Every structure is written in structure tokens, then in C-alpha cells.
Amino acid sequence: MSNQPSTSARCRPFESSSSAVPDAVPVTIAPVIIVGASLGALRTAEALRRAGYAGPLTVIGEEPHAPYNRPPLSKEVLSTGVSHSAVAFPARAATADVEWMLSARVVSADLEARTVTADDGRKHPWRALVIATGLRSRRLDLPLIAGRHTVRTLDDAMALRDELVPGASVVMVGAGFIGCEVAATARKLGCEVTIVAPGAEPLIRPLGALVGAELRRRHEQHGVSFALGRTVAAILGEVAFEGLQLDTGEVIAGDVLVEAIGSVCNTDWLDGTSLDLTDGVLADSALRAVSTDGTAHDDIYVVGDIARFPNRMFDDVARRIEHWNIPTDTGKRVGAVLGAWLADDGSFAELVTREFTPMPAFWSNQFEVGVQAYGLPALTDGDIRILQGELSGAVAVGYYRADRLVGVVGLGLKAELLPYRQQITALASGKLT
Ligand SMILES: Cc1cc2nc3c(=O)[nH]c(=O)nc-3n(C[C@H](O)[C@H](O)[C@H](O)COP(=O)(O)OP(=O)(O)OC[C@H]3O[C@@H](n4cnc5c(N)ncnc54)[C@H](O)[C@@H]3O)c2cc1C
């Protein structure tokens, strides 16, 4: 049986369509459906077209917006008046005939019948399915009153920026990347900012206490206050946010509450399927979704923040990585592998076994500090070394596991990190002992 479908849905780039594929479409001419319409979905669609797949391709996304870039949400979108057009990814000619179904939430999937069901009740058959539903913000378990914010979507950021007026008092719960970035942006806008977090230092989990303490020092220099080693006991205010009571009994008054306490994987729509949904969706190194019995599905793939896959650059453990380059790298991989499966040209078996070792990379901007990292610093066994420079200035910090470099973080350095990046890669390919 050929895998090549014979029809194609057509509409303009990122133009939203409400058309639905009729229920009775034979699976051989059903589209490839990508659920989630963000970076991972876009890069997968582009890569599928590059791989030669010319058949129907539908992207179903819950947000009303065409794919846009999230990193500016905690930075420029809060500090300037930009809207969707400033952060939208450019539409490329290769994906001009992709059908975009926006403002449509997928509520369930039937892997045997090969369908997904949207929130309007309509079923959409698929020939192959790509899971690209990413994450949503975790919320504090507190009464829903006005003045509570998170920052995951463009609409979240636009709602928050209206409240970041000079003199406003912002209480940030969470000291991870998003918490620290939003805190820095709010402070630059003239807000009073207090960060509340359970850890001993900000960013302690991804970067360790040494770099975390240095970043705290830099935030404090700019007037950010910290309440570390504390958790939230209660919210103050009946109708609108007035402050937080901490576990110590201490009260922090405020006008705006930002919750940056991590994320929840958007896997609800896959509940009841056979897929392994332990922390995201388990995939093999070809990014085929894996069931709890270990079966890898040739027609179901996972990309982006939600994909938990093994990266033999480090070891055989499957992990999720919430960095901007991962939706792109996984999207390209799925485009190639799934493209080969759809083409049915004999190349699939070889592609599936090919190593997939993307280099995790992220950056963060907090006040004048550019943080750049490669590898997985959190894998360190506690052996953290200053490789170059001084902690209080521009510095490169190495993270070692069993005496091997697994991550590097630079404060105020970029190109200088490339040799260390190379060391991490070389280690993976066995060029270093
Ligand atoms: C505020 C912020 C700042 C960031 N800054 C940086 C940075 O500086 N550097 C860096 O490396 N990374 C950064 N990141 C991380 C980076 O943006 C993410 O890794 C990337 O956006 C993940 O893309 P994705 O396509 O996997 O998922 P997402 O971008 O989360 O997209 C998933 C999409 O799926 C949709 N969806 C979910 N469920 C359903 C459903 N059931 N049906 C239909 N659609 C659904 C969602 O609405 C969403 O649009 C930042 C992230 C945020 C939120």
C-alpha cells in the first residue's frame, strides 16, 4: 500500500480555517494532523514539506493566533506596546497550503480509529498525528481573584503589561527563568518587585547555587527583593489581589501577583489512550510516540516542550527539555522521519535508527546580563567549575558529571562558550575519553 495521499487542503499561510475533514474520509487520503499551533508545529510542517510530503496537512491550535515567538513575552512584549505581528513567525512559501484551524481545542484522540475530536464535537481523521501541544502555566491553588497573572501566552503577557505601571507593587512567586525575567522587566518599568520562592537561590534547580546566588546579587543591585526558602500560605484580598501571606506568617503586600511556578504538560486530550504520559509524552529517539507497553507508533510523533525523548549526547534517559531550540530540532527530525514513512520509499527503517542528539541551548536576559547555556547543566553531580572569567563579571561556568562536561553557562559571554559546547558534543560522539 502506498503511503502517499492524493488530495490536498489549500488555504493561505496562517489563514484560519474552520473546515473539517468529513468523518468518512479513508485513512489513506486523510491529512497529517499536527495538534498545537506553535513553534514545534510550524517547524514540523516546514520540515515535512522539505522532506517532499505534498499531501494534506492540518494544524489544529487552541490559541487564536498564528504561531509566534514566546521568549519576547517575558521581555519586549511586557516593556513595549508590541502586538502579535511583532512576534509572529514569518510564513514560508513551503507551508502556504497548510490548513490552520485556530481557536480550536482538541479534546480527545482515538489512536485505533485514527481520529482526534475538537471542542466543537467534530472528529478529524488523520493519516499520521503529530503531538505539539506544549505546556501551560502551573497555578497556585488559591482563590481566583483579580490581579493574578501567569506568562505563557501572548494574551497572558498583554494582560499583565497593562498592570506593570511605575510604582505598582509586583509579587512574583517562582524564581525560575520566566520569574526572573518578568521580575527584571517589571523592575525596569518602575515597579517594586519581590520574588518569593522555596529554593535557597533563584534558578537553583537549572543552574545551581553558585550562579543562582550571583544572579540574585545582580537582581538585588537593581532593587529586586527576595523572600527565599518561603512558600505561600494564603492570598490576601476578596475581589482583587492585595498581598500574600507566607508560611513564616510574613505578609507581602502587593498590587499584582505573577505566578511563575513551572508548567503542566498539555496531555489531557490524550488521556485514555495507550501512550505513556508520564511527564509529557514518551518518544523514542526517532520521536515516535511510545505506548506504556513499549510499542513505538510509526504514525504518531511528538515534538517540542512536551516530548520526553532520550538524547544519547548524555545517556539513555528520556527527558523533556523546555528550550527554544528543541521544537525546531525535534520538528526537523519528525519532518524527515515521518516524511520517509509517508513516502514509503524504503528510507524509513534507516532514518529511524539514525542517532538524534540535539544540543540543548537556551538564553535568558535579566537586566544587563545575557545568560547563555549549552548542554544540560542540571545533570551535574555537584562538580561546578569556573572555566573562564570571574563570577562578578563575565564568566563561563562548567557543569560536570563524573568529571565530564555536561553543561556550560555563560554570564555576559557568547562566542567564548563555543569551545565548551564543542567539548560537550565531542564527548557524546566518543571523540573524548
Ligand atoms: C514567557 C516565555 C519565555 C521564554 N523564553 C525563552 C528563552 O529566553 N530562551 C529559550 O530557550 N526558551 C524560552 N522559552 C521556551 C520556549 O518558548 C518554548 O520552549 C517553546 O515555545 C516551546 O514550543 P512548543 O511548540 O513545543 O510548545 P508551545 O509553545 O507551548 O505551544 C503549544 C501550543 O499548543 C496549544 N495547545 C495545547 N493544548 C492543545 C489542544 N488540546 N488542542 C489544540 N491546541 C493545543 C497551546 O495553546 C500552544 O499554542 C520561553 C517560554 C515562555 C513561555
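Residues numbered from 1 in each chain as written. Predicted model: local features only at pLDDT ≥ 70, side-chain atom pairs only at ≥ 80, totals over all residues. Heavy atoms only, no water.

S.K.: Just checking my understanding: could you explain the sheet that holds strand S12 (residues 225-228) for this structure?
M.R.: Two modes of strand pairing occur in sheets, parallel and antiparallel, and in both the strands are linked by backbone hydrogen bonds. Strand order across the open sheet formed by 5 strands is S9-S16-S10-S11-S12, with parallel pairing between neighbours. If you trace the sheet from one side to the other, it starts and ends with strand S9 (148-149) and S12, each paired once. Of the strand pairs in this sheet, strand S10 (residues 169-173) and strand S16 (residues 256-259) are connected by 4 bridges, and their pairing is parallel. Each bridged residue has a counterpart across the sheet, and for Val170 the counterpart in S16 is Val256. Strand contacts of helix H5 (residues 177-188): S10, strand S11 (192-197) and S16, with the helix running at about 165 degrees to S11, the strand carrying the most contacts. (Pairing = 2+ DSSP bridges. Helix = DSSP H or I, 4+ residues; strand = E, 2+ residues; numbered from the N terminus. Contact = heavy atoms within 4.5 Å. Axes fitted to C-alpha atoms, helices over the stretch in contact; angles between N-to-C directions.)

S.K.: Would you mind showing me how to read empty space enclosed by the protein here?
M.R.: The rolling of a water-molecule-sized probe over the atoms marks out the regions of remaining empty space. Summed over all chains, the structure comprises 1 cavity of 30 Å³ or more. Here the largest cavity defines a volume of roughly 30 Å³. Considering the residues around the largest cavity, the lining is formed by Phe309, Asn311, Val317, Arg319, Ile321 and Leu376. Looking at the lining of the largest cavity, its residues break down into 4 nonpolar, 1 polar and 1 charged. (1 Å grid on protein atoms, 1.4 Å probe; cavity = no way out; pocket = protein on both sides within 12 Å on 5 of 7 lines; lining within 4 Å. Points joined across faces, edges and corners; volume = space filled by probe spheres on them. Nonpolar A, V, L, I, M, F, W, Y, C, P; charged D, E, K, R; others polar.)

S.K.: Mind showing me how you'd approach the site of the ligand here?
M.R.: Neighbouring the ligand are 36 residues, the closest being Ser38, Glu63, Arg70, Arg152 and Asp305. Between an oxygen atom of the ligand and a side-chain N or O atom of Arg70, the distance comes to 2.5 Å. At 3.5 Å, a backbone N or O of Leu135 approaches an oxygen atom of the ligand. Considered on its own, the ligand offers 1,000 Å² of accessible surface; in the complex 95% of this is hidden by protein. Listed by contribution, the elements that provide at least two residues to the shell around the ligand are helix H1 (39-50), H5 and strand S23 (361-366). (Near = heavy atom within 4 Å. Polar contact = N/O pair within 3.5 Å; in protein donor to acceptor, adjacent residues only side chain to side chain. Areas by Shrake-Rupley, 256 points an atom, 1.4 Å probe, with all protein chains shown as cover.)

S.K.: Where do I start with H5 in this structure?
M.R.: Quick reminder: α-helices carry 3.6 residues per turn. Residues three or four places apart thus point the same way. Taking 1.5 Å per residue, 12 residues should reach 16 Å; H5 reaches 17 Å between its end C-alpha atoms and fits that length. Every buried residue of H5 is listed here: Gly179, Cys180, Glu181, Val182, Ala183, Ala184, Thr185 and Ala186. (Expected span 1.5 Å × (residues − 1). Buried < 20%, exposed > 50% of the residue type's maximum accessible area, 1.4 Å probe, protein only.)

S.K.: I'm lost on the domain arrangement of the chain in this one. Help?
M.R.: Segmentation of the chain into domains returns domain 1 (7-136 + 264-353), domain 2 (139-261) and domain 3 (368-429). Computed from C-alpha atoms alone, the centre-to-centre distance between domain 2 and domain 3 is 28 Å. Across the boundary between the two partners, domain 2 contributes 10 residues, which contact 14 residues of domain 3. Taken over both partners, the interface formed by domain 2 and domain 3 buries close to 1,000 Å², and the fraction arising from carbon and sulfur atoms is 68%. In this structure, the connection of domain 2 to domain 3 is made through 0 salt bridges. The interface formed by domain 2 and domain 3 includes 4 residue pairs in polar contact (both at pLDDT 80 or more). A breakdown of the residues in the side of domain 2 that touches domain 3 according to their chemical character gives 5 nonpolar, 1 polar and 4 charged. (Domains from an automatic or database assignment. Buried area = accessible area lost by both parts, 1.4 Å probe. Salt bridge = Lys/Arg side-chain N within 4 Å of Asp/Glu carboxyl O.)

S.K.: Mind showing me how you'd approach the nonpolar core here?
M.R.: One broad rule of soluble globular proteins: the nonpolar side chains tend to lie buried together. Counting residues in each nonpolar core, the largest one holds 90 residues, and the members touching the most others are Val32, Val116, Leu129, Ile131, Trp269 and Leu338. Here this core gets 7 residues from one element, more than from any other, and that element is helix H7 (residues 325-343). Apart from the residues within four sequence positions on either side, Val116 is in contact with Ile33, Val35, Ile60, Val106, Ser108, Ala109, Arg122, Lys123, His124, Trp126, Leu129 and Trp269. Listed in part, the 29 residues of the second largest apolar core include Leu73, Ala183, Ala186 and Val224. (Core = buried A, V, L, I, M, F, W, Y, C linked by side-chain atoms within 4.5 Å.)

S.K.: Can you walk me through helix H4 (residues 154-161) in this structure?
M.R.: Those residues of H4 that sit buried are Leu154, Ala157, Leu160 and Arg161. When H4 is viewed along its axis, its buried side chains cluster within an angular range of 130 degrees and face the same direction. Where H4 is buried, its residues meet helix H2 (76-79), helix H3 (84-87), S9, H5 and S16. (Arc of directions from axis to C-beta.)

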